[in-house]
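Residue-level structural notes
Each chain is listed here by its residues.
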Amino acid sequence: MSVAMAGTTTSATRAAAQAQEHLSALTTKDVSGVVSVEPTEDGWLVEVEVIEDHRIPASSDMLAVYEAALDEQGDLLSYRRTRRYPRGRADVGRN
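Residues numbered from 1 in each chain as written. Predicted model: local features only at pLDDT ≥ 70, side-chain atom pairs only at ≥ 80, totals over all residues. Heavy atoms only, no water.

1. Structural notes on the overall build of the protein chain
For the protein chain, the count of helices and strands is one helix and six strands. Ordered by position from the N terminus, the helices and strands of the protein chain form the series β-β-α-β-β-β-β. Of all 95 residues assigned to the protein chain, the portion counted as buried reaches 35%. (Helix = DSSP H or I, 4+ residues; strand = E, 2+ residues; numbered from the N terminus. Buried < 20%, exposed > 50% of the residue type's maximum accessible area, 1.4 Å probe, protein only.)

If you want it as structure tokens, here you go:
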């Protein structure tokens, strides 16, 4: 799926890559991967998993999911952390 506006088309793949780049730069944290991508009226809503705190062993790392809103061109409009959890316990407390 892609969002087209004013002659510019951004695919879901490109929106995901741009969200990862934006969040890595803004949080200075290592990006683990994209959790979800969905089109919106104005562009894309992307959830990105980030390693918030590296620990030893790595199985005890603290992870977080950030939600990033991008416009049709892939520019970041806003972002926020929506969840924080230890590695391996991502779905605890979620419905």
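2. Concerning the pairing of strand β3 (residues 30-39)
Pairing geometry for β3 and strand β4 (residues 43-53), over eight bridges, is antiparallel. For G33, the partnering residue across the bridge sits in β4 and is E49. Hairpin geometry of β3 and β4 is characterised by an intervening segment of three residues between the two adjacent antiparallel strands. (Pairing = 2+ DSSP bridges.)

3. Description of the pattern of salt bridges
Side chains that differ in sign of charge can pair as their charged atoms come close. For the structure on display, the rule yields six salt bridges. A salt bridge links E21 to R14; the nearest nitrogen and oxygen atoms lie 3.8 Å apart. Taking the relative accessible area as the measure of exposure, E21 reaches 48% and is therefore partly exposed. On the accessibility criterion, R14 (41% relative accessible area) is partly exposed. The partner of R84 in a salt bridge is E52, with the nearest N and O atoms 2.9 Å apart. Placement of R84 in strand β6 (residues 76-86) and of E52 in strand β4 is noted, with a sequence separation of 32 residues between them. One salt-bridge network, in which partners are shared between bridges, spans E52, R81 and R84. (Salt bridge = Lys/Arg side-chain N within 4 Å of Asp/Glu carboxyl O.)

4. Structural notes on the sheet that holds β3
With antiparallel pairing, four strands are arranged side by side in an open sheet as β3-β4-β5-β6. Each edge of the open sheet carries a strand with a single partner, namely β3 and β6. On average, each strand axis in the sheet is inclined to that of its neighbour by 20°, with strand direction left out of account. Relative to the sheet, helix α1 (residues 12-27) contacts β3, β4, β5 (62-71) and β6, its axis offset from that of β4 by approximately 40°. (Axes fitted to C-alpha atoms, helices over the stretch in contact; angles between N-to-C directions. Contact = heavy atoms within 4.5 Å.)

5. A word on the environment of R87
With respect to the secondary-structure elements, R87 resides in the segment after β6. Judged by its relative accessible area of 32%, R87 is partly exposed. Considering only alpha carbons, one finds R87 and A58, 29 residues apart in sequence, at a separation of 8.2 Å. The contacts of R87, once residues within four sequence positions are left out, are I51, A58, S59, D61 and L63.

6. A look at unusual backbone geometry
Residue P57 is reached from I56 by a cis peptide bond, and omega for that bond is 0°. Along the chain, the position of P57 falls in the loop between β4 and β5. In this model, T28 sits at a positive phi of 55°, which is unusual for a non-glycine residue. Along the polypeptide, T28 turns up in the loop between α1 and β3.

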